[in-house]
Amino acid sequence: MNRPKWQNSLIWILASLSFVCLPLIIDPPPIIDRLGRICPMTLRNMVSALMTLMYFYGSYFYLVPELYFRKKYAGYLVLSLGALLLITYIPFELIHVKPPEPPHGAGSGSNFGPPRGFGLHELSRTLFAFLSAAFVSLSLRINHRLRSSEKEKLNAELSFLKAQMNPHFLFNTLNSIYSLTVNKSDQAPEAVVQLSGMMRYITSEAHAQYVLLGKELDYISNYVALQRLRLGRDFALSYQLSGERGHLRIAPLLLIPFVENAFKHGVNPEQDCAIDIRIEIKNQMLELRVINKIVDITEEESASTGMGLNNVRYQLNMLYIGKHTLDINTSDNTYSVHLKISLS
């Protein structure tokens with residue numbers, strides 16, 4: 001689930017502040033001296049952490065994407081080592097820390113000696129923080145790249161599935177209009193209007209990953225109305241739509257394969273036919289029920305139906321993981337589909 005931008009910004013800010021203050025947490029020296037000033041050791045550690053944080057952002061936004069991902073490993077390594085030298089040298093050079101006071105009576109000496117050298121403890125802590133920043137920046141960038149690639153792959157797969165389904169819908173719809181024109185039906189012009197609405201939706205809306213639920217339901221209603229025109233009023237067709245659409249969104253062309261499947265399996269002029277379609281929206285939950293009597297169909301129609309249902313199953317598993325249930329049952333003479341999708 002994607003977070004709002006302000007939440008992402010807040011997370012980055014809090015993480016950055018935590019990193020700068022990390023030396024005060026894992027190895028806390030005295031923060032304030034007797035004169036009420038920040039202790040030099042504390043200030044040195046915080047400057048080192050701040051410079052390491054600057055390297056982290058430089059690595060995340062430039063070194064990794066511009067050098068490492070483009071296989072410019074030498075440049076990436078040289079700049080990183082240069083940053084390590086600066087992070088190690090500058091705090092020790094700018095901020096001097098007086099050596100520990102000798103025991104009482106051990107002799108007198110200056111309160112402030114020369115700058116402390118590169119002690120093993122300080123060097124190891126700086127190196128550990130630097131390597132951590134380099135590793136985390138590289139890991140985050142690789143993860144971001146993988147997620148972007150996966151998203152592009154998902155969009156490409158969905159576009160391919162829609163490209164597979166759309167010509168199939170058009171073919172069936174044109175067949176329906178052809179039947180009306182052959183019979184010189186006065187309802188043919190109305191069927192053309194229905195087709196126009198369907199094609200407008202496909203060409204202008206269905207390319208998006210999600211669309212308004214109302215537009216998807218209008219598309220289904222147009223399809224059912226077109227089929228009702230073709231089959232006539234004597235055909236046992238029931239279509240019920242209830243609930244508030246609101247501003248809910250849904251993946252386009254996700255429901256129509258189940259509806260179309262009912263007309264493929266449930267229409268044969270020589271047999272007793274019946275189709276029942278019900279769509280209900282309640283509490284951001286969409287429920288689709290489709291029931292039809294099974295009639296004899298051609299092998300070609302059966303194969304194309306299987307392709308459409310496999311496509312929609314694939315989309316559901318990609319876009320609504322853990323947010324849908326799909327039950328398809330076949331009895332001796334009845335085929336039923338029960339789909340529930342959470343659109344929250």
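Residues numbered from 1 in each chain as written. Predicted model: local features only at pLDDT ≥ 70, side-chain atom pairs only at ≥ 80, totals over all residues. Heavy atoms only, no water.

Note on pairing: side chains with opposite charge can pair once their charged atoms come close. Applying the stated criterion across every chain, the model contains 6 salt bridges. With its nearest N and O atoms 2.9 Å apart, the salt bridge here joins Glu-205 to Lys-215. Note that Glu-205 is positioned in the loop between helix H6 (188-204) and strand S1 (211-212) and Lys-215 in helix H7 (residues 213-231), a separation of 10 residues in sequence. Note that Arg-289 is salt-bridged to Glu-287, the shortest N-O span being 3.0 Å. Note on Arg-289: relative accessible area 39%, which makes it partly exposed. (Salt bridge = Lys/Arg side-chain N within 4 Å of Asp/Glu carboxyl O. Helix = DSSP H or I, 4+ residues; strand = E, 2+ residues; numbered from the N terminus. Buried < 20%, exposed > 50% of the residue type's maximum accessible area, 1.4 Å probe, protein only.)

Structurally, the position occupied by Phe-92 is in helix H4 (residues 73-94). As a C-alpha pair, Phe-92 and Arg-44 span 48 residues in sequence and 7.1 Å in three-dimensional space.

Let us look at the packing of H6 against H7. H7 packs onto H6 with a crossing angle of 150 degrees between their chain directions and a minimal axis gap of 9 Å. When the axis of H6 is compared with that of H7, the two are roughly antiparallel. The two elements H6 and H7 meet at a crossing, and its hand is left-handed. Contacts from Glu-190, Ala-191, Gln-194, Gly-197, Met-198, Tyr-201 and Ile-202 of H6 reach H7 at Lys-215, Glu-216, Tyr-219, Asn-222, Tyr-223, Ala-225, Leu-226 and Leu-229. (Axes fitted to C-alpha atoms, helices over the stretch in contact; angles between N-to-C directions. Parallel < 35°, antiparallel > 145°, perpendicular 65-115°, else oblique. Left-handed = near helix turned anticlockwise from the far one by under 90°. Contact = heavy atoms within 4.5 Å.)

A few words now on the sheet that holds strand S6 (residues 324-330). Strand pairing in a sheet takes place through backbone hydrogen bonds and is either antiparallel or parallel in direction. Pairing in this open sheet of 5 strands is mixed, and the strands run S2-S4-S5-S7-S6 from one edge to the other. For this open sheet the edge positions go to strand S2 (237-243) and S6, each flanked by a neighbour on one side alone. Sheet twist, expressed as the mean angle between neighbouring strand axes with direction ignored, is 5 degrees. Where S6 and strand S7 (residues 334-342) come together, 7 bridges link them in antiparallel fashion. Along S7, the bridge assignment pairs His-324 with Ile-341. The strands touched by H7 within the sheet are S2, strand S4 (275-282) and strand S5 (285-293), with S2 carrying the most contacts at an inclination of about 165 degrees. (Pairing = 2+ DSSP bridges.)

Applying the stated criterion to the full structure yields 11 aromatic pairs. Ring geometry for Tyr-201 against Tyr-219: centres 5.1 Å apart, planes inclined by 35 degrees, an arrangement best described as tilted. Taken together, the positions of Tyr-201 in helix H6 and Tyr-219 in helix H7 put the pair 18 residues apart, joining distant regions of the chain. Take Tyr-201: its relative accessible area is 6%, and that puts it in the buried class. Taken together, Phe-56, Tyr-57, Tyr-60 and Phe-61 form an aromatic cluster joined through their ring pairs. The ring of Tyr-60 has Arg-141 sitting right over it, with the charged end atom 4.4 Å from the ring centre. Lying across the ring of Phe-69, Arg-145 places its NZ or CZ 4.3 Å from the centre. (Phe/Tyr/Trp six-rings, centres within 6.5 Å; stacked < 30°, edge-to-face > 60°. Lys NZ or Arg CZ within 6 Å of the ring centre and 35° of its normal.)

Right, let's get into a nonpolar patch on the surface. Together, Leu-10, Ile-13, Leu-14 and Leu-17 make up an exposed nonpolar region whose accessible area comes to about 380 Å². Examined against the element boundaries, Leu-17 turns out to sit in helix H1 (residues 5-20). (Patch = residues over 30% accessible without salt bridge, like charges linked within 9 Å, V, L, I, M, F, W, Y side chains within 5 Å. Areas by Shrake-Rupley, 256 points an atom, 1.4 Å probe, with all protein chains shown as cover.)

Our next topic: the environment of Cys-273. Among the structural elements, Cys-273 can be located in the loop between helix H8 (256-266) and S4. Residues Cys-273 and Leu-237, spaced 36 residues apart in sequence, show a C-alpha to C-alpha distance of 8.7 Å. Each residue touching Cys-273, except ones within four places of it in the same chain, is listed here: Phe-235, Ala-236, Gly-266, Val-267, Asn-268 and Val-295.

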